[in-house]
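One letter stands for each residue in the lines below.
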Amino acid sequence: MDLNNRYIRQIILPGFGIAAQEKLGKAKVLIVGMGGLGCPVLQYLVGVGVGTIGIMDADKITKSNLHRQLLYEEKEVGRLKVEAAAIKAKAQNSSVNIIEYPFELSKNNAAEIIKVYDLVIDATDNFSAKYLINDVCVWLQKPVVFGAVSGYEGQVAVFNFSSDAKPPIHYRHLFPVQPAANEFATCEETGVIGVLPGIIGTMQAAEAIKLIADLGKPLNNRLLTYNFLAARWYEIEMNSSAEVPLIDEHFINTTNYQIVCDFTEADLEEIDIDEIDVSQFLDLKYDSNIFILDVRELHEYPTIDFSHAQIPMSVLKESIHLLPEKPIYVLCHQGIRSIYAAQLIKLHKKVEAYSLKGGLTAYFNRVSNE
Amino acid sequence: MDVQVIFFGSIIDITLVDSVLLNNCTDLDSIVNDLIERYPALANKKYFIAVNQKMVHENIKLKMGDTVALMPPFSGG
């Protein structure tokens, strides 16, 4: 055995050997999403010697990515993530073949791209992509290493892979119906600590390596949830649900993955909400004839310095009757949830409702510049 | 009869605690009804249920000391 082989330290592990190394070298893995989860996945798959790695992300690097997406540098802000990531990957291991996809996964391109790969890593940050990846991989019978974070917690699992005769479990066995984008807040809205997607992404890389090299016991029938604050993993044994639809090409073609609003509130989208900008809001904020409502969750930051009421989005629907009969100005972190909240209020309370454009982020930018 | 219910992710935005101890709940449906009475917003929330770390899709009888988990989907990355 060539002791100068760069992979010697893993090859000498019991149960690994040249055979596992060769499997890794022949493998083709697609990483969808090159953010907080995708960065560590790519680094470890490159290091371990996976032969071909596709990386997909339409986004460019922003300053607020740098605390958790450690592949990227300050001077690369504004550059495409896949471009910057490919350069780092090639520098680390020139024998790995990196394929860049600087666009989003969509119904039109998903099958064409995924069918070339042996394994897909879901490192995305939204339900539209997660359900599309799931469904296309169920249809094409490709295993998925799933990862996601929420606040201080993260989930990791292997879907669509069965090591015995049982039908494989996939994401729709856990959550059959895709949630609307406004049902759950995003990392941009609720914050994320960089090391958490680092831990979950590293777990995804570990599971990918095990699947490819056929090592140990894969995470295919268990969902692991990690709590950063408690330093605890919670394991749940997954099983199949009868509610899952038959997923094939027809199902995918007829499914809407861009669900912005809860489908049970379909008429909400028809309700027009006037957005007011920060200047208009500054003129209004001490007006006693209006009601200012903050719909952020209780843990969200920063606190505001003018009088207002707070009813978090998670309980708003059930609390609308508590609101007064006057014009309501709704605020949130970025002005996204507040539009939905204003629509709900206008529909159910029949009072005028407005949304602060750009949310409290825009408000504090303006106020701190004055 | 005490059953511990534990919450994850954005479910805690509604409950504001990560666990509660419920008694007089003999089956899973009665637990869910009790929880919705305490936290009405749970009625509109997506989550799956696990009993003693095993996913459960239907109503089952519970026994003293069981742990019920409410797990929502996470979407961040």
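Numbers given for residues are sequential positions, taken from 1 along each chain in its written order. Chains and ligands are labelled by the order in which they are written, letters from A for the one and numbers from 1 for the other. Per-residue local features of the predicted model are confined to residues with pLDDT of at least 70, and side-chain atom pairs are confined, for both listing and counting, to 80 or more; whole-chain, interface and lining totals are unaffected and use all residues.

K.L.:
How would you summarise the overall build of chain A if you had to cite specific residues and measurements?
P.N.:
A count of helices and strands for chain A gives 14 helices and 13 strands. The atom set for the radius of gyration is the C-alpha atoms, and the globule formula is 2.2 Å times the number of residues raised to the power 0.38. The globule rule puts the C-alpha radius of gyration for 370 residues at 21 Å, and the 23 Å found for chain A is close to it. Contact between two residues is assigned whenever their backbone-derived C-beta positions fall within 7 Å. The long-range fraction of contacts in chain A, counting pairs at least 24 apart against all pairs at least 6 apart in sequence, stands at 69%. Numbering of helices and strands starts at the N terminus; helices are DSSP runs of H or I of at least 4 residues and strands are runs of E of at least 2.

K.L.:
An account of the pairing of strand β10 (residues 291–294) of chain A is needed here, citing residue identities and associated values.
P.N.:
Residues and elements named next belong to chain A. Any two strands are treated as partners once DSSP identifies two or more bridges connecting them. As paired elements, β10 and strand β12 (residues 328–331) share 4 bridges and run parallel to each other. In the sheet register, Phe291 faces β12, and the bridge partner there is Ile328. As judged from the 2 bridges shared by β10 and strand β11 (residues 309–310), these two strands associate in the parallel manner. In the sheet register, Asp294 faces β11, and the bridge partner there is Gln310.

K.L.:
Account for the nonpolar core, with residues named and values stated.
P.N.:
Residue and element names in this part refer to chain A. Each nonpolar core reported here comprises buried Ala, Val, Leu, Ile, Met, Phe, Trp, Tyr and Cys residues connected via C-beta atoms within 7 Å. Note on burial: count the other C-beta atoms lying within 10 Å of the residue's C-beta; 20 or more is buried, 12 or fewer is exposed, in between is partly exposed, and C-beta positions come from the backbone. Within the largest apolar cluster, 120 residues are counted, with the highest numbers of intra-cluster contacts made by Val29, Ile31 and Leu42. Marked domain ranges trace back to an automatic or database domain assignment. For this core, the two domains that each supply at least three residues are domain 1 (8–260) and domain 2 (266–368). Ile31 has contacts with Gly38, Val41, Leu42, Ile53, Gly54, Ile55, Met56, Ile121 and Ala123, leaving out every residue within four places of it along the chain.

K.L.:
Can you lay out the sheet that holds β10 of chain A for me, pointing to particular residues and giving the numbers?
P.N.:
Residue and element names in this part refer to chain A. The strand order across the open sheet built from 5 strands is β9-β13-β12-β10-β11, with neighbouring strands paired in parallel fashion. What marks the edges here is a single partner per strand, and that holds for β9 (274–276) and β11. In this description, a line fitted to the C-alpha atoms serves as the axis of each element, helices being fitted only across the stretch in contact, and the angle between N-to-C directions of two axes falls anywhere from 0 to 180 degrees. Strands β12 and β13 (353–356) of the sheet are contacted by helix α13 (residues 337–349), whose axis makes an angle of about 175° with β13.

K.L.:
Go over the interface of chain B and chain A with me, naming the residues and quoting the values.
P.N.:
In this assembly, 22 residues from chain B lie in contact with 41 residues from chain A. Of all the secondary-structure elements, those providing two or more residues to the side of chain B that touches chain A are α1 (11–15), β3 (48–51), β4 (54–56) and β5 (67–71) of chain B. By the convention adopted, Pro, Cys, Tyr, Trp, Phe, Met, Ile, Leu, Val and Ala count as nonpolar, Lys, Arg, Asp and Glu as charged, and the other residues, Gly among them, as polar. By residue class, the composition of the side of chain B that touches chain A is 11 nonpolar, 8 polar and 3 charged.

K.L.:
So what's going on with the confidence of the model for chain B? Which residues, and what values?
P.N.:
A low pLDDT score tells you not to read the predicted coordinates there in detail. Scored by pLDDT, chain B has a mean of 93; 100% of the residues are at 70 or more. The ipTM, which scores confidence in the relative placement of chains, is 0.96 for this predicted complex, and the corresponding pTM is 0.85. Here pLDDT means the predictor's own confidence in every residue, given as a number from 0 to 100.

K.L.:
I'd like to hear about unusual backbone geometry, residue by residue, with values.
P.N.:
All names here are of chain A. The step from Tyr301 to Pro302 runs through a cis peptide bond, and the omega angle for that step is -5°. Relative to the assigned elements, Pro302 resides in the loop between β10 and β11. The backbone of Lys350 sits at a positive phi, close to 60°, despite the residue not being glycine. Checked against the element boundaries, Lys350 lands in the loop between α13 and β13. Since 9 C-beta atoms lie within 10 Å of it, Lys350 is described here as exposed.

K.L.:
Got a sec to walk through the domain arrangement of chain A? Specific residues and values, please.
P.N.:
Annotation of chain A at the domain level lists domain 1 (8–260) and domain 2 (266–368). The C-alpha-based centres of domain 1 of chain A and domain 2 of chain A are spaced at 35 Å.

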